[in-house]
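The primary structure of each chain is shown beneath.
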Amino acid sequence: MSDELTVKGIILSTAPQGEYGRRIRMLTDKLGRITVFAGGAAKASSRLIGMIRPMTCAVFKIAKGREAYNLHGAELIDAFDDIAFDFEASVYAMYVLEAGDYFSEEGMPEQEAKSLLNLMYVSLRALREKALSEELIASIYELRLLVLQGEYTLMPSYYKSEETVEIWQRCISAPLSSLYKADYFRELDTEEFTANAKLLFDRQVKHSFRTLDVLKKL
């Protein structure tokens, strides 16, 4: 179809739409955050049934409809199904999605959308690999989100150890491919870093995340 678009994206959330349809909220590399309708996708016979869950990363074929985009097809990149078997990791994964949703918008510049999409993807991979603690992954993710927004500081607010400064500056500038490299963090005390990252994030982001409320109860 001439009006069909191909985008790479991550599904942020889904909701029922009619008996078998789904209303999907996703972050895409070209259009930013969009709403997509997937008619009949929840039917057992649908070729899309495994492609409409939160965390699913895929190449989606969509077309502009009257009220939103319509989903025509998808080619799976990663569904992150294994995270669902670990409750704590799955809550942190939902936090990655919720924060990504908060920082995204429809029509955002393509480069910003791609950067956020890629950050979310490598963060979900880090949660699955379990080489770092979920708390540390969340702190790195929060700091890097602020970097994307231009709302970060070059130094942590307080520190007793130069290691904290070292971790901080590395997390600001490291390429995404090595952002969560476990070998780098293995010998370092990260408690002070995570406290500083949380302090800055809470100061800069005046928003209550539902998944963080769940994590506080764990």
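Being a predicted model, the structure only gives us computed values, none of them experimental.

Chemist: What is the right way to read the overall build of the protein from this model?
Modeler: Across its full length, the protein carries seven helices and five strands. When the helices and strands of the protein are placed in sequence order, the string is β-β-β-β-β-α-α-α-α-α-α-α. Radius of gyration (C-alpha) of the protein: 18 Å, near the 17 Å computed for a compact globule of 218 residues. Within the span of the protein, comprising 218 residues, buried residues form 49% of the whole. Taking as baseline every contact in the protein between residues at least 6 positions apart, the subset at least 24 positions apart corresponds to 64%. As displayed, the protein offers around 11,200 Å² of accessible surface, 48% of which is attributable to carbon and sulfur atoms. Side chains of the protein give 27 positive and 32 negative charges; the mean places of these two sets differ by 6 Å.

Chemist: Would you explain the nonpolar core in this entry?
Modeler: Soluble globular proteins tend to bury their nonpolar side chains together. Membership of the largest hydrophobic core comes to 55 residues, with the highest contact counts inside it found for Met120, Ile140, Tyr180 and Phe193. When contributions to this core are tallied by element, the ones reaching two or more residues are strand E1 (4–17), helix H1 (87–103), helix H2 (110–129), helix H3 (134–149), helix H4 (162–173), helix H5 (182–185), helix H6 (191–204) and helix H7 (210–216). Top element by residues in this core is H2. It accounts for 10 residues. Once you skip the residues sitting within four places of it in the chain, tyrosine 180 turns out to touch Leu119, Val122, Ser123, Ala126, Leu132, Ile137, Ile140, Tyr141 and Phe185. By size, the runner-up hydrophobic cluster in this structure holds 16 residues, among which are Val36, Ile52, Ile62 and Tyr69.

What counts and how
- Residues numbered from 1 in each chain as written.
- Predicted model: local features only at pLDDT ≥ 70, side-chain atom pairs only at ≥ 80, totals over all residues.
- Heavy atoms only, no water.
- Helix = DSSP H or I, 4+ residues; strand = E, 2+ residues; numbered from the N terminus.
- Rg over C-alpha atoms; globule rule 2.2 N^0.38 Å.
- Buried < 20%, exposed > 50% of the residue type's maximum accessible area, 1.4 Å probe, protein only.
- Contact = heavy atoms within 4.5 Å.
- Areas by Shrake-Rupley, 256 points an atom, 1.4 Å probe, with all protein chains shown as cover.
- Lys, Arg positive; Asp, Glu negative; His and termini not counted.
- Charge placed at Lys NZ, Arg CZ, Asp CG, Glu CD.
- Core = buried A, V, L, I, M, F, W, Y, C linked by side-chain atoms within 4.5 Å.

Read these as geometric descriptors, not functional statements.
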